[in-house]
Amino acid sequence: MTSRIPRDSRLRLVRPRPLAAAPSAVNQRRPRRPAPRPPEGTPAPAELARMARSGLADAARIARWADGALGPGRDGTGSDGKGTLSDETAGRAAEELGLTAVQVRAAWDTARLAGLIEVHGDSARPGWRLRAWNRDDSAVLRGWVALFDAWSLASPEPTDREPAAVAEVVSAMPQVLSFLQLSAGPVPVEQLLDLLEQRVTELRTERCEIPYGPQPEPVEEPETADAPLAPLLDWALRALASVGALTYGDGQATLTPLGSWAVWVKLEQICVAAQSPAGNIEVAAEEMLRGCAQLRPNAARAEYRAWLAARPVGSAVTELLGAARGDDALLRGLAFEALRVVGAPAEPDVRSVADEPTLRPYALLWLAEHDGIDPEDAHEVLTREEATWLWVDTAAAVADHGEAPMLVRHLESALQPTVPRLLDEVRAVGHPRTVQVLVALAAAHPDPALAKAVRRAAFQVHTGG
């Protein structure tokens with residue numbers, strides 16, 4: 001017998017976002033981790049955003065120009081599909097924007113790294129950050145951090161150095177940047193070089209493996225271990241200076257306010273990963289999501305951030321989408337909530353699954369919100385059939401993990417104005433859990449006549465009627 005005693009539950013089903021529903025009824029309050037404060041002297045977010053907008057002014061100009069000049073079907077980027085501007089287009093942009101061709105190409109590359117421009121084959125389109133550029137400080141700062149993360153792509157790497165040595169320096173630079181951030185002032189390059197050499201030595205030691213058994217004669221390799229690192233440090237510091245992360249000259253380097261803040265953000269992410277609230281940081285995506293089903297929304301988002309910070313973005317997104325393809329509708333909704341935390345880097349993968357029937361409604365809602373549509377209005381991108389399919393999928397999550405009164409309340413979130421109309425359309429969408437959802441709804445609903453109609457519909461679906 002189903003209990004009719006109302007109990008507190010965190011599984012909220014608020015129209016028009018039923019997919020966000022699915023934390024379980026069992027919750028325990030956990031102490032909230034106080035919001036970390038940046039180091040003393042760090043400018044306010046609005047001032048940091050003003051600095052970022054100033055540094056990326058040319059990139060934003062070229063992105064807006066590309067929005068009007070390089071739409072679909074127009075020949076603008078290179079035919080190699082890598083997003084390289086053709087000479088003709090670069091010249092046209094330089095003439096119209098009052099820049100040199102060199103400045104246009106530099107601004108174009110910066111806009112791509114900051115997410116202001118997205119290139120698809122031979123066409124370019126504005127990135128989602130450009131649409132929010134003037135009104136959303138957080139979007140501006142995320143764009144600048146994306147550029148900061150890609151500093152090694154901002155300047156061509158030295159061609160006279162072995163790629164392995166360049167990779168070692170790129171891997172070692174976070175420790176150099178952390179030292180600069182903690183120093184909070186100018187640091188002599190000689191001191192940074194000593195730190196870089198120590199860190200590179202540590203990386204080489206960590207990779208060292210002693211194989212067992214007889215070994216072939218060693219093959220002579222380039223002497224990367226003995227190559228001086230000073231030229232590579234010079235390249236790295238110049239590249240970081242080109243994106244506005246530091247100033248470099250007179251034999252010393254100093255983080256800019258934006259650079260210092262970005263390094264602090266990265267260090268804080270590491271701390272979040274090390275202090276995973278619910279201890280799910282090391283488990284697979286499916287197990288992590290099941291653990292998050294027990295948490296309140298804010299605590300779940302903190303857990304997503306910790307889990308994501310501990311692994312590469314690409315593999316994390318792949319894992320989350322794999323979990324979303326499973327049979328548990330609860331995990332499907334939670335996986336896309338975690339993908340909302342990922343943000344822009346997940347966009348290509350989410351777009352690629354939009355044709356999968358099971359994931360399509362979730363993917364379309366995610367993409368709509370990603371493109372700047374208000375979450376309250378995002379459901380309008382769904383067709384009637386897709387919205388009905390999503391209603392059934394969310395009802396399945398409620399039936400599996402929620403309580404009877406919640407399933408009854410979920411009935412109120414349906415788009416259809418009447419129950420008979422809802423039943424007709426639910427039967428038509430062909431969701432694999434339709435029978436189970438209708439049976440559970442009939443058992444939960446207190447109105448005998450409505451429950452009878454729902455049971456009849458479940459029987460008709462079961463028998464193919």
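Scroll up for the structure.
The structure contained in this document is the topic of the report that follows. (Residues numbered from 1 in each chain as written. Predicted model: local features only at pLDDT ≥ 70, side-chain atom pairs only at ≥ 80, totals over all residues. Heavy atoms only, no water.)

### Some words on the pairing of strand β4 (residues 246-249)
1) Next: Direction of pairing for β4 relative to strand β5 (residues 252-255): antiparallel, over a ladder of 4 bridges. Opposite Tyr-248, over in β5, you have Ala-253 as the bridge partner.
2) Next: From the end of β4 to the start of β5, which pair antiparallel, there are 2 residues, and Asp-250 there has a positive phi angle of about 55°. (Pairing = 2+ DSSP bridges. Helix = DSSP H or I, 4+ residues; strand = E, 2+ residues; numbered from the N terminus.)

### A closer look at the pairing of β5
1) Next: Here strand β3 (residues 187-188) pairs with β5 via 2 bridges, running antiparallel. Bridge assignment links Pro-188 to a residue of β5, and that residue is Gln-252.

### Concerning the nonpolar core
1) Next: Formed by 69 residues in total, the largest nonpolar core has its most connected members in Ile-62, Leu-116, Trp-144, Met-173 and Leu-196.
2) Next: Tallying contributions element by element places helix α8 (residues 163-183) first for this core, with 8 residues.
3) Next: Excluding its chain neighbours within four sequence positions, the residues that come into contact with Met-173 are Trp-151, Leu-196, Leu-233, Ala-236, Leu-237 and Leu-240. (Core = buried A, V, L, I, M, F, W, Y, C linked by side-chain atoms within 4.5 Å. Buried < 20%, exposed > 50% of the residue type's maximum accessible area, 1.4 Å probe, protein only. Contact = heavy atoms within 4.5 Å.)

### A word on the sheet that holds β5
Adjacent strands of a sheet pair through backbone hydrogen bonds, lying either parallel or antiparallel.
1) Next: The strand order β3-β5-β4 describes an open sheet built from 3 strands, whose pairing is antiparallel. Strands at the two margins of the open sheet, each flanked by one partner only, are β3 and β4.
2) Next: The sheet contacts of α8 involve β3, β4 and β5, and relative to β5 the element is tilted by about 75°.
3) Next: Running at roughly 130° to β4, helix α10 (residues 230-242) makes contact with β4 and β5 of the sheet. (Axes fitted to C-alpha atoms, helices over the stretch in contact; angles between N-to-C directions.)

### Some remarks on the packing of aromatic side chains
Aromatic ring pairs are reported here in terms of the distance separating the ring centres and the angle at which the planes meet.
1) Next: The final tally for this structure, using the stated rule, is 3 aromatic pairs.
2) Next: Measuring from centroid to centroid gives 5.5 Å for Trp-151 and Trp-235, while their planes differ by 50°, and the two rings are tilted. In this pair, Trp-151 is assigned in helix α7 (residues 151-154) and Trp-235 in helix α10, connecting sequence segments 84 residues apart. Trp-235 matches Trp-151 in its accessibility class, with the two residues each being buried. (Phe/Tyr/Trp six-rings, centres within 6.5 Å; stacked < 30°, edge-to-face > 60°.)

### Focus: the side chain of Thr-388
1) Next: With respect to the helices and strands, Thr-388 occurs in helix α18 (residues 384-401).
2) Next: The residues contacting Thr-388, other than those within four sequence positions of it, are Gln-416, Glu-425, Val-426 and Val-429.

### Topic: the packing of helix α14 (residues 313-324) against helix α15 (residues 329-342)
1) Next: In the contact formed by α14 and α15, the axes pass within 8 Å of each other and the chain directions differ by 160°. Our classification of the angle between α14 and α15 gives roughly antiparallel. The chirality of how α14 crosses α15 is left-handed. Facing α14, whose interface residues are Val-313, Val-317, Leu-320, Leu-321, Ala-323 and Ala-324, α15 presents Leu-331, Arg-332, Ala-335, Phe-336, Ala-338, Leu-339 and Val-342.
2) Next: Grouping the amino acids of the contact of α14 with α15 by side-chain chemistry returns 12 nonpolar, no polar and 1 charged. (Parallel < 35°, antiparallel > 145°, perpendicular 65-115°, else oblique. Left-handed = near helix turned anticlockwise from the far one by under 90°. Nonpolar A, V, L, I, M, F, W, Y, C, P; charged D, E, K, R; others polar.)

### What to know about the pattern of salt bridges
1) Next: Within this structure, the stated rule accounts for 22 salt bridges.
2) Next: One salt bridge connects Arg-340 with Glu-369, and the closest N-O pair in it is separated by 3.0 Å. Residue Arg-340 is found in helix α15, and its partner Glu-369 is found in helix α17 (residues 360-370); the two are separated by 29 residues along the sequence.
3) Next: Between Arg-351 and Glu-347 there is a salt bridge whose closest N-O contact spans 2.5 Å. You can see Arg-351 and its partner Glu-347 sitting in helix α16 (residues 347-352), 4 residues apart, about one turn around the helix.
4) Next: On the basis of relative accessible area, Arg-351 is assigned to the partly exposed category, the value being 34%.
5) Next: Each of the salt bridges in this network shares a partner with another, and the network as a whole consists of Glu-286, Arg-290 and Asp-328. (Salt bridge = Lys/Arg side-chain N within 4 Å of Asp/Glu carboxyl O.)

### Some words on a negative patch on the surface
1) Next: A cluster of like negative charges, contributed by Asp-374, Glu-376, Asp-377 and Glu-380, occupies part of the molecular surface.
2) Next: Looking at the secondary structure, you find Asp-377 in the loop between α17 and α18.
3) Next: Under the relative-accessibility criterion, Asp-377 is labelled partly exposed at 37%. (Patch = residues over 30% accessible without salt bridge, like charges linked within 9 Å, V, L, I, M, F, W, Y side chains within 5 Å. Areas by Shrake-Rupley, 256 points an atom, 1.4 Å probe, with all protein chains shown as cover. Lys, Arg positive; Asp, Glu negative; His and termini not counted. Charge placed at Lys NZ, Arg CZ, Asp CG, Glu CD.)

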